[in-house]
Amino acid sequence: MTQSNRTVFITGASSGIGAATALAFAADGARLLLAARRIDKLTAIAEQASKLGAAAVHSIQLDVRNAEAVAAEIAALPAEWQAIDVLVNNAGLSRGLNKLYEGQLSDWEEMIDTNIKGLLYVTRAVVPGMVSRNSGHVINIGSTAGHLAYANGAVYCGTKAAVHFINDGLRDDLLGTAVRVTSVDPGMVETDFSLVRFHGDSERAEKVYKGLTPLTPEDVAETIVWAASRPAHVNIARVMMTSVHQANSLLFHRE
Ligand code: NDP
Ligand code: 8X3
């Protein structure tokens, strides 16, 4: 299935995996609907996407934690952007790396509100249109952390375990329609993820990737585009992927 002229909505398209996914779909000629809070970064990605061959690009400033804004922005999309073919639920983050009993409540709220509730709000706003058109594909970005919890990351891992089961439950609910649901679950990917986790402490963030080769955002983007481009009757349920230096959430090989 070619992406040419398909409308692809990517949340968290201003950075990392979301930005790389926007560019990968752009190179395939998709129409891109890009969302994030940092509109300056989104605009720069939109410009790159147009140069790479996107059929059209429309950017919206959106905080997925705001249920009213999510519903209103999606309802107010120009008519030519209403029919979303592919939704990539990518917006997400980790905050802090602490023992659960020493964690910051504000970090927990941010992760739960973004990774779980934000994903649900966007899904609730977009999927009814897919059902009524009997066509569409929801691609959720999970994580190896949603399969195996690691020390000091219980809440982040819990949010990704929630994505795991929301993904599977949505697929159950859509059985009998042609709408597809996929989870792409990467291990460590070098993006701003660790910088955000450590609240801007770049020295600490760099150490996360020291001595190993992580996945790149482009590796994940390629997999997302691959899942979206299978024939219409094929549903890729889940792709779990790591670099060769990672076996799972707990086991790494560092030089
Ligand atoms: P980045 O920090 O590079 O990108 C995160 C993106 O999410 C940004 O575009 C950010 O945009 C957006 N975002 C965060 N909060 C919100 C919000 N409230 N509303 C809208 N957009 C938001 O990290 P990654 O690319 O690594 O992360 C993308 C996804 O991949 C996340 O769901 C993460 O959990 C998942 N993941 C990451 C892995 C990794 O090792 N990097 C591995 C497995 C999964 P802005 O700040 O402009 O709003
Ligand atoms: C991101 C991967 O292992 O840092 O989901 O949690 S990990």
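Everything below is about the structure printed above this text.
A brief structural summary. In this text the structure is predicted, and so the values were computed from the model without any measurement. (Residues numbered from 1 in each chain as written. Chains lettered and ligands numbered in written order. Predicted model: local features only at pLDDT ≥ 70, side-chain atom pairs only at ≥ 80, totals over all residues. Heavy atoms only, no water.)

## Points about the nonpolar core
Next, step 1: Among the nonpolar cores identified, the biggest contains 33 residues, and I10, F25, L32, L34 and I224 are the most heavily contacted of them.
Next, step 2: Secondary structure elements with two or more residues in this core: β1 (7–11), α1 (16–27), β2 (31–36), α2 (39–52), β4 (86–89), β5 (136–141), α8 (217–228) and β7 (238–241).
Next, step 3: Of all the elements, α1 adds the most residues to this core, at 6 residues.
Next, step 4: Every residue in contact with L32, bar those within four places of it in the chain, is listed here: V8, I10, A22, F25, A26, A49, A54, A56, V57, H58 and W81.
Next, step 5: Counting residues in each nonpolar core, the second largest holds 22 residues, with V64, W81, A91 and L170 among its members. (Core = buried A, V, L, I, M, F, W, Y, C linked by side-chain atoms within 4.5 Å. Buried < 20%, exposed > 50% of the residue type's maximum accessible area, 1.4 Å probe, protein only. Helix = DSSP H or I, 4+ residues; strand = E, 2+ residues; numbered from the N terminus. Contact = heavy atoms within 4.5 Å.)

## Digging into the site of ligand 1
Next, step 1: Close to ligand 1 lie 30 residues, the nearest being S14, S15, R37, Y156 and T191.
Next, step 2: At a separation of 2.8 Å, an oxygen atom of ligand 1 approaches a polar side-chain atom of R38.
Next, step 3: Secondary-structure elements contributing two or more residues to the shell around ligand 1 are α1, α5 (154–173) and α6 (193–197).
Next, step 4: Class assignment of the residues belonging to the shell around ligand 1 gives a composition of 13 nonpolar, 11 polar and 6 charged. (Near = heavy atom within 4 Å. Polar contact = N/O pair within 3.5 Å; in protein donor to acceptor, adjacent residues only side chain to side chain. Nonpolar A, V, L, I, M, F, W, Y, C, P; charged D, E, K, R; others polar.)

## Thoughts on the pattern of salt bridges
Next, step 1: Considering all chains together, one arrives at 6 salt bridges under this definition.
Next, step 2: Measuring nitrogen to oxygen at the nearest pair gives 2.7 Å for the salt bridge that ties R65 to D63.
Next, step 3: For R65, a relative accessible area of 32% translates into the label partly exposed.
Next, step 4: For D168, the salt bridge is made with R238, and the minimal N-O distance between the two is 3.3 Å. Of this pair, D168 sits in helix α5 while R238 sits in strand β7, and the two are 70 residues apart along the sequence.
Next, step 5: Looking at D168, the relative accessible area reads 17%, which means it is buried.
Next, step 6: With relative accessibility at 25%, the residue R238 sits in the partly exposed group.
Next, step 7: A network of salt bridges, in which partner residues are shared, links D168, R171, D185 and R238. (Salt bridge = Lys/Arg side-chain N within 4 Å of Asp/Glu carboxyl O.)

## Section: the packing of aromatic side chains
How two aromatic rings sit relative to each other is set out by the distance from centre to centre and by the angle between their planes.
Next, step 1: What the rule picks out here adds up to 1 aromatic pair.
Next, step 2: A cation over an aromatic ring shows up here: R31 above the ring of W81, its NZ or CZ 4.1 Å from the ring centre.
Next, step 3: When the ring centre of Y156 is taken as reference, the NZ or CZ atom of R197 above it lies at 5.4 Å. (Phe/Tyr/Trp six-rings, centres within 6.5 Å; stacked < 30°, edge-to-face > 60°. Lys NZ or Arg CZ within 6 Å of the ring centre and 35° of its normal.)

## A few points about the pairing of β5
Next, step 1: Most of β5 is tucked away: 6 of the 6 residues are buried.
Next, step 2: The side-chain alternation of β5 yields two buried faces, one formed by G136, V138 and N140 and the other by H137, I139 and I141.
Next, step 3: The sheet contact formed by β4 and β5 spans 4 bridges and is parallel. From the neighbouring strand, L87 faces β5, where its bridge partner is V138.
Next, step 4: Traced from β4 through helix α4 (residues 105–133) to β5, the parallel crossover comes out right-handed.
Next, step 5: Where the polypeptide runs from β5 across α5 and back to strand β6 (residues 179–186), its parallel neighbour, the crossover connection is right-handed. (Pairing = 2+ DSSP bridges. Right-handed = clockwise from strand over helix to strand, strands pointing away.)

## Here we look at the sheet that holds β1
Next, step 1: Spatial ordering of the open sheet is given by β3-β2-β1-β4-β5-β6-β7, a layout of 7 strands whose pairing is parallel. Of all the strands in the sheet, just β3 (56–61) and β7 have a single pairing partner and so form its edges. When the angles between neighbouring strand axes are averaged without regard to direction, this sheet yields 15°.
Next, step 2: Bridge count between β1 and β4: 3 bridges; the pairing is parallel. (Axes fitted to C-alpha atoms, helices over the stretch in contact; angles between N-to-C directions.)

## Quick look at the site of ligand 2
Next, step 1: Surrounding ligand 2, one finds S143, A145, Y150, Y156 and F193.
Next, step 2: With respect to ligand 2, the side chain of Y150 contributes an N or O atom lying 2.5 Å from an oxygen atom.
Next, step 3: Here Y156 contributes a side-chain N or O atom positioned 2.6 Å from an oxygen atom of ligand 2.
Next, step 4: Across the shell around ligand 2, the residue classes break down as 4 nonpolar, 1 polar and no charged.

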